[in-house]
Amino acid sequence: MKIAIIGTGNLGKSIAKGLITNNAITTLYLTKRNLEDIQDLDGYKNIILTTDNIEAVKNSDILIFAIQPRHFDKILNDLKPYLTEKHVLISTITGFLIPQIEAIVGTDQFIIRAMPNTAIAVGKSMTCMCSNEKGAKRIQIAEAIFNRLGHTLAIPESQMQAATVVCASGIAFWMRLIRATTQAAIQLGFDAKEAQELAMYTSEGAANLLITNGNHPEEEIDRVTTPKGCTIEGLNEMEHKGLSSSLIQGMVASFNKINNIKKEQI
């Protein structure tokens with residue numbers, strides 16, 4: 001694939017590293033105003049570092065935009081004369097809707113929005129994506145790219161804000177749960193390093209059980225709990241204190257905040 005990443009900041013660099021590691025490119029153009037920040041990617045085969053977005057667009061078929069939202073409008077307008085029917089535009093810009101992109105480049109372009117989370121840096125992102133009507137014909141290309149960096153799910157654009165809470169903000173929510181588990185382990189006698197190790201790998205194991213087995217969480221809980229046992233005692237105490245309801249209410253609060261921010265911007 002001939003790919004260009006327009007704006008190789010933290011997210012763009014993580015995507016680039018994933019593509020390089022998985023040998024998923026024919027050529028890869030990486031653009032940035034200051035190339036010193038990405039010099040460590042120089043020297044890889046078929047990787048071109050440049051400050052010239054137009055050069056990157058002319059020599060690529062797939063354009064991944066990973067820039068700041070405030071710059072996106074201008075960059076799209078600058079690149080519009082160089083876009084052809086072959087180009088697939090993949091935007092990772094939060095809050096910049098497909099109709100806004102179409103208003104600049106037209107409806108006759110393959111347009112896809114992809115929303116990865118910070119776990120993309122370790123190849124474990126949950127990336128949600130949506131497209132315009134024409135882009136639906138090329139969404140498999142975006143899935144092929146981001147599946148190399150974790151897992152993907154195609155959803156309607158109307159659900160992208162909710163997905164931001166579940167997947168992007170969700171990283172922070174899970175970090176807090178792991179932190180709480182770590183604190184409990186310290187109280188139970190482990191040192192801080194051991195406690196975090198126990199919490200991290202137990203969390204990873206729980207998620208992988210569901211991913212591998214495809215079971216409902218309660219099925220896996222039933223495998224661990226025994227009559228009058230310590231596990232059910234702990235679970236019931238957590239529920240009495242509002243574990244599930246607090247998490248649900250927190251996620252709903254985050255979603256409401258996103259909607260309020262969007263209204264303020266309109």
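Just so it is clear, the model here is predicted, and its values are computed rather than measured.

**Here we look at the overall build of the protein**
Along its length, the protein carries 10 helices and eight strands. Seen along its three principal axes, the alpha-carbon backbone of the protein occupies a region of about 70 × 45 × 30 Å. The buried share of the protein, taken over its 266 residues, is 36%. Nonlocal contacts in the protein, meaning residues at least 24 apart in sequence, comprise 58% of its contacts between residues at least 6 apart. Seen as two clouds, the 26 positive and the 27 negative side-chain charges of the protein have centres 5 Å apart.

**Focus: the UniProt feature "binding site: NADPH" (unreviewed entry) in the protein**
UniProt tags N53 as "binding site: NADPH" (unreviewed entry). Relative to the elements of secondary structure, N53 occurs in helix α2 (residues 53-58).

**Quick word on the side chain of N117**
Relative to the helices and strands, N117 resides in the loop between β6 (110-115) and β7 (125-131). Setting aside chain neighbours within four positions, we find N117 in contact with K124, S125, M126, C167, A168 and I171.

**A word on the sheet that holds β6**
Where strands meet in a sheet, backbone hydrogen bonds hold them as pairs that are either parallel or antiparallel. Spatial strand order, β3-β2-β1-β4-β5-β6-β7-β8: eight strands in an open sheet with mixed pairing. Because the sheet does not close on itself, it has two edges, and the strands there are β3 (47-50) and β8 (150-154). The average angle at which neighbouring strand axes cross in this sheet is 20 degrees, direction not considered. Helix α4 (residues 98-105) rests against β5 (88-91), β6 and β7 of the sheet, and its axis sits at about 145 degrees to β6. The sheet contacts of helix α5 (residues 139-147) involve β1 (2-6), β4 (62-65), β5, β6, β7 and β8, and relative to β8 the element is tilted by about 155 degrees.

Cut-offs applied
- Residues numbered from 1 in each chain as written.
- Predicted model: local features only at pLDDT ≥ 70, side-chain atom pairs only at ≥ 80, totals over all residues.
- Heavy atoms only, no water.
- Helix = DSSP H or I, 4+ residues; strand = E, 2+ residues; numbered from the N terminus.
- Buried < 20%, exposed > 50% of the residue type's maximum accessible area, 1.4 Å probe, protein only.
- Contact = heavy atoms within 4.5 Å.
- Lys, Arg positive; Asp, Glu negative; His and termini not counted.
- Charge placed at Lys NZ, Arg CZ, Asp CG, Glu CD.
- UniProt positions renumbered as here; feature names shortened; annotations may be inferred.
- Pairing = 2+ DSSP bridges.
- Axes fitted to C-alpha atoms, helices over the stretch in contact; angles between N-to-C directions.

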